[in-house]
Structures are given as structure tokens and as C-alpha cells.
Amino acid sequence: MTDFNAPRTPPKLTSLSAWQALTAHHEQHRGQHLHELFASDPGRGERLSAEAAGWYLDYSKQRITDDTLRLLLQLAEQCGVSERIAAMFRGDAINTTEHRAALHTALRAPTGTQILVDGVDVVPEVHAMLRRMAAFADAVRSGAWRGHSGKRIRTVINIGIGGSDLGPVMAYEALRHYSQRDLQCRFVSNVDATALVEATRDLDAGETLFIVCSKTFTTLETLTNAHAARAWCVAQLGSDAAVARHFVAVSTNAEGVAQFGIAPEHMFGFWDWVGGRYSMDSAIGLSLMVAIGPVQFGDMLAGFRAMDEHFKNTPLAQNLPVLMGLLAVWNTNFLGAQTQAVLPYAQYLSRFPAYLQQLTMESNGKHMTLTGARVNYATSAIVWGEPGTNGQHSFYQLLHQGTSTVPCDFIGFCQTLNPLEPDASGSDSQHNLLMANFFAQTEALAFGKSLQQVLSEGADPSVAPHRTFEGNRPSSSLLAERLSPHSLGALVALYEHSVFTQGVVWNIDPFDQWGVELGKVLAGTTAKELAAVDAPQLAHDSSTNALMRRYRQLRKEMG
């Protein structure tokens, strides 16, 4: 068994033979256009594809050849991707800087599976927590859980931040079609009071349930919002005793939860081997389970599990997460792409790009290798995006004719969950229009439009250059039958494992997030200085000092 905490000095990534071969390969083929690749290989579109867990990946419009793919797979082998996959599923302490496992896959392991962490099988604990969550969700959904004044709960507000917010809100929006419509969910994360005020403005506290999500129950933003929500609830209902019927916690800090006024039996825990951005299928997803019910939540876990099994057991050359991860490495380190656009052609996935921002950039936005050496290559693209077709009337101009190469992931579904009146052929014309845009955009990005084509259409020669598209813009397409709990779970797991694959190649720890800590520590000191009655002695830089003094002065003048 590999000890990932043992001292070691693996070869530098850029000195690996596969990396050097990829560098030479890129130099040799840098001028090659997707036009040529498709013209020379009529079956390219069918051949460069893979399928798993209900998802079909077409990566033929990436700027790669068979040799590119062969060398990327060699790179994966030389970086030990297969070994690291096995180590993660075993529960080895692959989160090296925090000396613990990264075992989010155990959250969706089936009953009877044995996964040991420090000699303890964690799977029974996971399923025991899922049963507790299900019992609570059923009670709220059925109306058996009543508020302090005897009213049925109509609104659930999830209070969290980062992974305690982005995953649940993304999944709730994605699966809203499957939610219980007389029970709404809202989400508060920003410490800006406006977020909580607007979330509660039109609500009756007697019909509102808050789920406070904080592993340590000390997260500043979450606890600030939780205490403000507590005050709002008590003010409306007239008693501190109301807290017990209107607040539950997802945490591991039983003492802090009890001090807040939440009974221990209303605390739902999880484990230190679950990172925040990988936690939406743990108790952090309690609000989602309340919304869609335990059965649908179980279907989502089954989707996660299907992609997990594919990632764990499939050869690298047919492995969807591995292929997507290696393509990201190619685009970032060899094509020089600094960003990646995620473009879901599904309104329900409106929050998916924001979710992937944390998953990708908090995981792989690192500058040190596992051995503490500074990297000499790029890690992690900047992820961004917006649902199609909205983005087409916003930033697609840059995708098509800008000076930056922006690889794109297009995500779509063959069937809509909301069919409108069929057209004369009996099909859903509006969904056909949506997906026509999906397919047309990938084609336009890949092949563009030459000056000769523009002129042949009768364009004014003086304007014609402005109407050309160079094409050769790389993209991948992901298609599933329909958006469902199962397909969403598989999609999230696909990106989780793709991000992991990238981290393995870059020899970084994708499971820590030390970069988040510095600003939090400084904010604690700064908050005390801003709240001080008398002007404090400031010891920051001149810019920060001046900003803080200006803030305090304006606050004083405003009374």
C-alpha cells in the first residue's frame, strides 16, 4: 500500500518523458486546424467519444490527434493516476497537508461495502446518517414536523457558505422539477445582511425552518447569519423556546450546537474525510433531501455511485473523468488556455458553473507540489459560464472572435422536463430550438467561417473581414437523456473525478484549501478594529489603513 505521507521526491512533471513528448508534439502540430482533422478522418466524431453512467462525451472537437491522446495517457501513467485513484477509494490519507483521507466516494457507497478509515468501516455510519436524514425529511415534507406555534413548515432556509451552500443550492435549482412544490427552499450564504433580510422578508417565522450548516459551528459568516436568523425567529414567535422547533444543524460541534439552542437529536453530522466542496451528498444536502425526498435523493446517490464505479474500474483510455481531466491539462499547459467556459443548455443548471468554480479552483488553484516545491507550470483554469442561450447574447462574441482561447464544455439533454405544445412533426419545437443552438455553437466554434465563404455570400468586401471566424476553438459536448437526480449525481461525480485527475497530474493536493484561510484570519482582526469605539492604532499597509479610516469616518458622519 502506498504511503502518500512518506517523504518522496517524484520526478518533476516537466521532466517526464511524456511531458517532453507532448511539448514537442504541440510544437509540431500547433498550426493544425480542426477542419483538417475532421477532413482527414471522416469517423472522428463517432470515434472520439465515450459513454458512462448515462452520459455521452464527444471530445472530437478538442484540438487533439490520436498521438495527442496517446501521449496524454502516457502522462497519466507516468504520474500514477491509476495508483492514486485506487488509493483514494481505499481511504488512504491522500490529503497530505491535512493528513487525512478524501473519501467523499464513501458517501454514496452501497450497503455492504467495506471502506476502512483508521481501521473503522465508515459505510455503516454513512447509511445510519442517511436514515436519520430521511426520517427528518419525511417528517417535514408530510407536515408531521410542526413549528413552535403548531404550524406546518412551508419554507426551509439553508444557512451555510462555500461547500455548505454552493452544492445544495445548485442541486436544488437543478432538481426543482422533482421538488415538493408546497415546500420551498431558500439559501443564505453572504454575510451581507441583505441576503438574510430578503430571504425572510415575506415569511412567517412559524412556518420557517432553518438548517445551519457548519462543520465546526464556528464559521464566521454562517454563525453571524444564524444568530441574526435566530433573533428574527424569536422576535416573531416571542420565545427562545421556539429555536428548538425552527432550527436544526449540520455540524460536528455538539457543544456549540447545544449552546445555540438546537437539541442534539436535531444535529446531523459528517466526517473530516469529507471536504466542504465534496459534501453535497452528505448531511450538507439535508435541505435538498427535504425538497426532493429521500427516494429521489437516493437516486442521485446512485448516479454518483455509477460514475464512481466507472472511474474506479474503467481503463484510462475509455474513462470519462480521466479523459476530461487530461484534456484540461492539454488545454491549460500546452494550448495556453487560462479559462474554461461551462455552458449548460438547461435553465435548471443555472448554478452549475458557480458550483464548478469552487470545485475546480479551490481544489487545483495551488502553487506548491505535494513535496512543497513551487510548480513551474500552470494549474487550474479559471472556470466560468452561464446557461445557453443567454450566454450567446452576452459573451459568445469573445468565444468566437476574441483573442483568447477558451475551451468550452457544452452540457445538454435530449428530452426536456417541461414540454410545450408539439409542432406539426409531433416534437417539442422549443426544446429542438434550444438544442439546435447547442449543436450549432459547437460547430461554429470548431470550424468558423473563412473570408472566401463570407465573400461568396455577397458580403461587402470592406466588411467581410469582420464577419470571418477563424474557428479551431476547442469544445467538448456532454449529452444525457434527461436531467434527473441520477444524471445530476453522475455529472457532479464526473467533474469531481476530472478535477482529481488534473490534481494528480500536476502533483498537487486537490483536497486542501489553505488559500482560503489567510483572508479569514485578517478579517477577524479587521472586524474588531472597525467596531472599536475609539480610533484604533492601525498596523496594516497604507492602503488598508486609509480605507479603514475612511470607512470609520463616513460611518461616524452618518450617525
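Residues numbered from 1 in each chain as written. Predicted model: local features only at pLDDT ≥ 70, side-chain atom pairs only at ≥ 80, totals over all residues. Heavy atoms only, no water.

The protein chain appears in an unreviewed UniProt entry as Glucose-6-phosphate isomerase from Simplicispira hankyongi. Quoted verbatim from the Sequence similarities (unreviewed entry) field of UniProt, the annotation for the protein chain is "Belongs to the GPI family." In the Catalytic activity (unreviewed entry) part of its UniProt record, the protein chain is described as follows: "alpha-D-glucose 6-phosphate = beta-D-fructose 6-phosphate". (UniProt positions renumbered as here; feature names shortened; annotations may be inferred.)

Enquirer: I'm lost on the overall build of the protein chain in this one. Help?
Expert: A tally of helices and strands in the protein chain yields 21 helices and 13 strands. Computed over its C-alpha atoms, the radius of gyration of the protein chain comes to 26 Å, within 12% of the 24 Å expected for a compact globule of 559 residues. Along the longest, intermediate and shortest principal axes, the C-alpha atoms of the protein chain span 75 × 65 × 65 Å. Within the protein chain, residue pairs in contact and separated by at least 24 positions form 74% of the contacts whose partners lie at least 6 positions apart. As displayed, the protein chain offers around 24500 Å² of accessible surface, 53% of which is attributable to carbon and sulfur atoms. When the 43 basic and 53 acidic side-chain charges of the protein chain are each reduced to a single mean position, those positions are 5 Å apart. (Helix = DSSP H or I, 4+ residues; strand = E, 2+ residues; numbered from the N terminus. Rg over C-alpha atoms; globule rule 2.2 N^0.38 Å. Contact = heavy atoms within 4.5 Å. Areas by Shrake-Rupley, 256 points an atom, 1.4 Å probe, with all protein chains shown as cover. Lys, Arg positive; Asp, Glu negative; His and termini not counted. Charge placed at Lys NZ, Arg CZ, Asp CG, Glu CD.)

Enquirer: I'm lost on helix H4 (residues 66–78) in this one. Help?
Expert: Because each turn of an α-helix spans 3.6 residues, side chains separated by three or four positions end up pointing in the same direction. Across its 13 residues, H4 extends 18 Å between first and last C-alpha, which sits within 8% of the 18 Å expected from 1.5 Å per residue. Within the sequence span of H4, burial applies to Thr 68, Leu 69, Leu 71, Leu 72, Leu 73, Leu 75 and Ala 76. Buried positions along H4 lie against helix H1 (17–29), helix H5 (81–90), helix H14 (320–333) and helix H19 (485–506). Count one or two residues on from H4 and you reach Gly 80, which has phi positive near 75°. (Expected span 1.5 Å × (residues − 1). Buried < 20%, exposed > 50% of the residue type's maximum accessible area, 1.4 Å probe, protein only.)

Enquirer: Just checking my understanding: could you explain the pairing of strand S2 (residues 55–58) for this structure?
Expert: Walk down a regular strand and you will see the side chains alternate between the two sheet faces. The sheet contact formed by strand S1 (residues 49–52) and S2 spans 4 bridges and is antiparallel. The residue bridging Glu 51 from the neighbouring strand is Tyr 56, located in S2. For S2 and strand S13 (residues 475–480), the ladder comprises 4 bridges, and the chain directions are antiparallel. Residue Asp 58 lies in a different strand from S13, and its bridge partner there is Ser 477. (Pairing = 2+ DSSP bridges.)

Enquirer: Would you mind going over H14 with me for this structure?
Expert: Over its 14 residues, H14 extends 20 Å from the first C-alpha to the last, a length consistent with the 20 Å expected when each residue adds 1.5 Å. Most of H14 is tucked away, with 14 of its 14 residues classed as buried.

Enquirer: I'm lost on the packing of H1 against H4 in this one. Help?
Expert: Packed helix pairs are specified by the crossing angle of their axes together with the interaxial distance, meaning the distance between the axes. Packing of H1 against H4 brings their axes to within 8 Å, and their N-to-C directions diverge by 160°. Relative to H4, the element H1 lies roughly antiparallel. When you trace H1 past H4, the crossing you get is left-handed. Contact residues: H1 offers Ser 17, Ala 18, Trp 19, Ala 21, Leu 22 and His 25, while H4 offers Asp 67, Thr 68, Leu 71, Leu 72, Gln 74, Leu 75 and Gln 78. Across the contact of H1 with H4, the residue classes tally to 7 nonpolar, 5 polar and 1 charged. (Axes fitted to C-alpha atoms, helices over the stretch in contact; angles between N-to-C directions. Parallel < 35°, antiparallel > 145°, perpendicular 65-115°, else oblique. Left-handed = near helix turned anticlockwise from the far one by under 90°. Nonpolar A, V, L, I, M, F, W, Y, C, P; charged D, E, K, R; others polar.)

Enquirer: Help me understand the packing of aromatic side chains, please; the structure alone is not making it clear to me.
Expert: For any pair of aromatic rings, geometry is given as the distance between the ring centres together with the angle between the planes. This model, assessed by the stated rule, comprises 25 aromatic pairs. A ring pair is formed by Trp 55 and Phe 413, whose centres lie 5.4 Å apart and whose planes are at 65°; its orientation type is edge-to-face. Of this pair, Trp 55 sits in strand S2 while Phe 413 sits in strand S12 (residues 408–413); the two residues are 358 residues apart in sequence, bridging distant segments of the chain. Pairing Tyr 278 with Phe 511 gives two aromatic rings, centres 5.4 Å apart and planes at 55°, and the pair type is tilted. Residue Tyr 278 is located in the loop between strand S9 (267–268) and helix H12 (286–292), and its partner Phe 511 is located in the loop between H19 and helix H20 (517–531); the two are separated by 233 residues in the primary sequence. Here Tyr 278 matches Phe 511 in class, with each residue buried. The structure contains a cluster of three or more aromatic residues connected by ring pairs, namely Phe 89, Tyr 278, Phe 311, Phe 500 and Phe 511. In this structure, Arg 132 is placed above the aromatic ring of Phe 268, and the distance from its NZ or CZ to the ring centre is 4.6 Å. (Phe/Tyr/Trp six-rings, centres within 6.5 Å; stacked < 30°, edge-to-face > 60°. Lys NZ or Arg CZ within 6 Å of the ring centre and 35° of its normal.)

Enquirer: Explain the packing of helix H15 (residues 352–364) against H19 to me, please; I cannot follow it from the model alone.
Expert: Packing of H15 against H19 leaves a shortest axis separation of 10 Å and a crossing angle of 25°. Relative to H19, the element H15 is oriented roughly parallel. For the element pair H15 and H19, the recorded crossing hand is right-handed. Residues Phe 352, Tyr 355, Leu 356, Leu 359, Thr 360, Ser 363 and Asn 364 of H15 touch H19, and the partners they reach there are Leu 491, Val 492, Tyr 495, Glu 496, Val 499, Gln 502, Gly 503 and Trp 506. By residue class, the composition of the contact of H15 with H19 is 9 nonpolar, 5 polar and 1 charged.

Enquirer: Honestly, the pairing of strand S8 (residues 247–250) in this entry has me stumped. Any pointers?
Expert: Both faces of S8 are covered, namely the face carrying Phe 247 and Ala 249 and the face carrying Val 248 and Val 250. Where strand S7 (residues 208–213) and S8 come together, 4 bridges link them in parallel fashion. Bridged to Ile 211 within S8 is Val 248. Bridging between S8 and S9 involves 2 bridges; their strand directions are parallel. Counterpart to Val 250 in the pairing with S9 is Phe 268. Between S8 and its parallel partner S9, the chain crosses via helix H11 (residues 254–260), and the hand of that crossover is right-handed. (Right-handed = clockwise from strand over helix to strand, strands pointing away.)

Enquirer: I keep staring at the environment of Leu 37 and nothing clicks. Help me out?
Expert: Inspection of the secondary structure puts Leu 37 in helix H2 (residues 34–40). Owing to a relative accessible area of 8%, Leu 37 belongs among the buried residues under this scheme. Through-space distance from the C-alpha of Leu 37 to that of Ile 64 is 8.6 Å; in sequence the pair is 27 residues apart. Those residues within four positions of Leu 37 in sequence are excluded, and the remaining contacts are Gln 32, Arg 44, Ile 64 and Thr 65.

Enquirer: For this particular structure, what's the right way to read the nonpolar core?
Expert: Burial of nonpolar side chains together is a common tendency in soluble globular proteins. By size, the foremost hydrophobic cluster in this structure holds 126 residues, and its most contacted members are Leu 75, Trp 273, Leu 349, Phe 352 and Leu 488. Looking at this core, you find at least three residues from each of domain 1 (13–93 + 299–416 + 430–450 + 465–506) and domain 2 (119–292). Setting aside residues up to four positions removed in sequence, Leu 349 forms contacts with Ala 174, Pro 344, Ile 411, Phe 413, Leu 483, Leu 488 and Leu 491. Counting 25 residues, the second-largest nonpolar core is a separate cluster that includes Phe 217, Ala 229, Trp 232 and Cys 233. (Core = buried A, V, L, I, M, F, W, Y, C linked by side-chain atoms within 4.5 Å. Domains from an automatic or database assignment.)

Enquirer: I tried to follow the confidence of the model for the protein chain on my own but got confused; where do I start?
Expert: As a note on interpretation, predicted positions should not be read in detail where pLDDT is low. When pLDDT is averaged across the protein chain, the result is 95; 97% of the residues are at 70 or more. Of the regions scoring below 50 in pLDDT, residues 4–8 engages in 12 contacts with residues more than four places distant in sequence or in other chains. (pLDDT = per-residue confidence, 0-100.)

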